[in-house]
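Topology and contacts: notes
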Amino acid sequence: AVVLVALGWTHGVLYVEGASMEPTLFPGDLIVYRRVGATPDQGDLVVFEHRGTLVVHRVAGVLRNGALRTRGDANESVDADPVAPAAVHGEVVLMVPAGRAARALAASAH
């Protein structure tokens, strides 16, 4: 139980809902992100807050002030607004392809 409590303080889990990160992440996939000690760099997947919603996108660049330029893998261009360091909730450390597996099972059933 102590380990689970400790992980709850240092890590978070999210369920992927959108398609902006396909083909890396699909709706229904789960991600685990590290809240503490995250130092995102170009190419990393980060969780950040945008208009009250948590978003997972890839770091396209880091600005001098520490803000991140982000982009969904399925999107053609970077996100319009840089992500302030205070809006970053963490860095993705594990992906569980539950949505991809469900999609494959559904396709094989047809």
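Residues numbered from 1 in each chain as written. Predicted model: local features only at pLDDT ≥ 70, side-chain atom pairs only at ≥ 80, totals over all residues. Heavy atoms only, no water.

Turning next to unusual backbone geometry. Put simply, glutamate 22 and proline 23 share a cis peptide bond, and its omega is 10°. Structurally, proline 23 can be placed in the loop between β1 (11–15) and β2 (30–34). (Helix = DSSP H or I, 4+ residues; strand = E, 2+ residues; numbered from the N terminus.)

So, about the sheet that holds β1. Read from one edge of the open sheet, six strands run β1-β2-β6-β3-β4-β5, paired in antiparallel fashion. The sheet terminates laterally at β1 and β5 (68–71), the two strands that pair on one side only. Adjacent strand axes in the sheet meet at a mean angle of 50° when their direction is disregarded. One ladder, built from six bridges, connects strand β3 (residues 45–50) with strand β4 (residues 53–62); its direction is antiparallel. Bridge pairing in β4 links valine 47 to valine 56. (Pairing = 2+ DSSP bridges. Axes fitted to C-alpha atoms, helices over the stretch in contact; angles between N-to-C directions.)

Our next topic: the environment of asparagine 75. Here asparagine 75 lies in the loop between β5 and β6 (88–96). For asparagine 75, a relative accessible area of 27% corresponds to the partly exposed category. Expressed as a C-alpha distance, the spacing of asparagine 75 and serine 20, which sit 55 residues apart in the sequence, is 6.3 Å. Setting aside chain neighbours within four positions, we find asparagine 75 in contact with Ser20 and His57. (Buried < 20%, exposed > 50% of the residue type's maximum accessible area, 1.4 Å probe, protein only. Contact = heavy atoms within 4.5 Å.)

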